[in-house]
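Next come the chains, spelled out residue by residue.
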Amino acid sequence: MKLKKLLGLTLVGVISASLFVGCSKASGEEDKTIKVGASPAPHAEILEVAKPLLEEKGYKLEVVEFDDYVLPNTSLSEGELDANFFQHIPYLEEMNKEKDLKLTYTAKVHIEPMGVYSEKFDSLDDLKDGAKISVPNDATNEARALQLLAKNGVIEVADKELITAKDITKNPKNIEIVEVDAAQVPSTLQDVDFAVINTNFALNVNLNPTKDAIVIEASDSPYANILACREDNKDSEKIKALTEALTSDKVKSFIEEKYEGSIVPTF
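The following refers to the structure shown. Here the residue numbers are simple positions, counted from 1 along each chain's written sequence. This being a predicted model, a pLDDT of at least 70 is required before a residue's local features are given, and a value of 80 or more before pairs of side-chain atoms are given or counted; all residues contribute to the totals for chains, interfaces and linings. In computing side-chain values, all of the structure's heavy atoms are included and hydrogens and water are not.

**As for the overall build of the protein**
Thinking step 1. Note on conventions: DSSP H or I runs of at least 4 residues are helices, E runs of at least 2 residues are strands, and numbering of each starts at the N terminus. Across its full length, the protein holds 9 helices and 13 strands.
Thinking step 2. Here the term buried applies to any residue with accessible area under 20% of the maximum for its type, exposed to any over 50%, and partly exposed to those in between, with areas from a 1.4 Å probe on protein chains only. Considering the protein as a whole, with its 267 residues, one finds that 48% of them fall into the buried category.
Thinking step 3. Per-residue and other accessible areas were derived by the Shrake-Rupley procedure at a 1.4 Å probe size, with only the shown protein chains allowed to occlude residues. Of the roughly 13,700 Å² that the protein leaves accessible, carbon and sulfur atoms contribute 50%.

Below is the structure:
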């Protein structure tokens, strides 16, 4: 009986050890998956170029596409994503302040110059009294759009970083600013005279910023798009690997060749 009991305990110990090794292995394999939230274009396209570079290091990159600017950050903060790639630094800072998300970033990847588009006019000189101009309605991108209009003499605005339509100080042509969710601005083109559109959403509807935009931000724009992550996983091995892949020569060449200047690498 003692021998049987001893053998039984030994067998249980072997099974337990096997289960532990199996669980550890499964956990290790799961940890090799990097889940990243991204806008469809150009961010998801750029991440596809990084995939084989990560595979060489034993990582599987899973890209989750989003069409809005809020869910990628809340999903990252809640641990549903390991990182996201869709936003610029001022927007991340504003979201952190507003929602206490505790997000940070590891690299500046590229700049997407914001542009003014129209289906009705070829120049801002054609602007008529009472014209409608649609802009993104989130804090940082609306400010960015209004600053672009101000730099091109359409309006004058208050001298501060974050501005809305309420901060327009001079509006000689009585322009009506139509505030719309950033992803929906391209769909307003038929209803407004001009629209100020983020490059990623312009690309989604086959608008080429360098060819189709009436005016465009200068290449020295401070709104660099970043690889965002949580403060608690910034120094993890997979975030380091992802950062290295996204700032590789291969990705840089892809951005330069694919987007022909409408998107500019910042590394």
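**Some thoughts on helix α9 (residues 249–259)**
Thinking step 1. If you check which residues of α9 are buried, you get V251, I255 and Y259. An end-on view of α9 places all buried positions within 40° of arc, on one side of the element. Facing away from the buried side of α9 by more than 90 degrees, the exposed set consists of D249 and E257.
Thinking step 2. Backbone geometry just downstream of α9 places E260 in the positive-phi region, at approximately 50°. The directions from the helix axis to the C-beta atoms are what the arc is built from.

**So, the sheet that holds strand β4 (residues 103–111)**
Two pairing modes exist for strands in a sheet, parallel and antiparallel, and in both the strands are linked by backbone hydrogen bonds.
Thinking step 1. Note: two strands are recorded as paired if DSSP finds a minimum of 2 bridges between them. With mixed pairing, the 6 strands of this open sheet are ordered in space as β2-β1-β3-β12-β4-β13. The outermost strands of the open sheet, each flanked by one partner alone, are β2 (60–65) and β13 (264–265).
Thinking step 2. Relative to β2, strand β1 (residues 33–38) runs parallel, the two being bridged by 6 bridges. Bridging from a neighbouring strand, K35 pairs with E62 of β2.
Thinking step 3. Residues count as neighbours in contact if any of their non-hydrogen atoms are within 4.5 Å of one another. For every element, the axis is a line fit to its C-alpha atoms; helices are fit only across the contacting stretch, and the angle between N-to-C directions ranges from 0 to 180 degrees. Sitting on the sheet, helix α4 (residues 89–99) touches β3 (83–88), β4 and β12 (224–230), and the angle it makes with β3 is about 110°.

**Looking at helix α5 (residues 139–151)**
Thinking step 1. If you check α5, its first and last C-alpha atoms are 18 Å apart, about what 13 residues at 1.5 Å a residue would give, namely 18 Å.
Thinking step 2. Looking at α5, one finds that the buried residues are T140, N141, E142, A143, R144, A145, L146, L148 and L149.
Thinking step 3. In the stretch just after α5, G153 is the one whose phi turns positive, near 75°. Here, expected helix span is obtained from the residue count minus one, scaled by 1.5 Å.

**Describing the packing of aromatic side chains**
Thinking step 1. Ring geometry is summarised as follows: Phe, Tyr and Trp rings, the Trp one being its six-membered ring, pair when their centres sit within 6.5 Å, and such pairs are stacked at plane angles under 30 degrees, edge-to-face over 60 and tilted between the two. Evaluated as defined, the whole model comprises 6 aromatic pairs.
Thinking step 2. On the basis of an interplanar angle of 90° and a centroid distance of 5.9 Å, the ring pair of F254 and Y259 is categorised as edge-to-face.
Thinking step 3. Among the aromatic side chains, those forming a connected cluster through ring pairs are Y69, F86, Y91 and F201.

**Quick look at the packing of α4 against α5**
Thinking step 1. Two elements in contact, α4 and α5, have axes separated by 8 Å at closest approach and are oriented at 140°. As far as their axial angle goes, α5 and α4 are oblique. Across from P90, Y91 and E94 in α4, the residues of α5 making contact are A139, T140 and N141.
Thinking step 2. Residue composition of the contact of α4 with α5, by class: 3 nonpolar, 2 polar and 1 charged. Should an angle lie under 35 degrees it is considered roughly parallel, over 145 roughly antiparallel, and from 65 to 115 roughly perpendicular; all remaining angles are considered oblique. Residues are grouped as follows: nonpolar covers Ala, Val, Leu, Ile, Met, Phe, Trp, Tyr, Cys and Pro; charged covers Asp, Glu, Lys and Arg; every other residue, Gly included, is treated as polar.

**Some words on empty space enclosed by the protein**
Thinking step 1. Cavity: a set of points on a 1 Å grid over the protein atoms alone where a 1.4 Å probe fits but cannot get out. Pocket: an open set with protein on both sides within 12 Å along at least five of seven lines, its lining residues, like those of a cavity, having an atom within 4 Å of a point. Grid points are joined across faces, edges and corners, and a volume is the space filled by probe spheres set on the points. Enumeration over the complete set of coordinates arrives at 1 cavity of 30 Å³ or more.
Thinking step 2. Of the voids in this model, the largest cavity is the one considered here, and its volume is about 100 Å³.
Thinking step 3. Forming the walls of the largest cavity are Y69, F86, Q87, H88, Y91, E112, N141, R144, N198, T199, N200 and N225.
Thinking step 4. The set of elements that each furnish at least two residues to the lining of the largest cavity consists of β3, α5 and α6 (199–204).

**Quick look at the sheet that holds strand β5 (residues 115–117)**
Thinking step 1. With respect to topology, 5 strands assemble into an open sheet ordered β9-β6-β10-β5-β11, the strand pairing being mixed. Here the strands that pair on one side only, and so sit at the sheet edges, are β9 (176–180) and β11 (215–216).
Thinking step 2. Both strand β6 (residues 132–136) and β9 contribute to a ladder of 5 bridges, which runs parallel. Note that in β9 the partner of V135 across the bridge is E179.
Thinking step 3. Its contacts with the sheet put α5 on β5, β6, β9, β10 (194–197) and β11, and the angle it makes with β6 is roughly 140°.

Worth remembering: the numbers are spatial, not functional.
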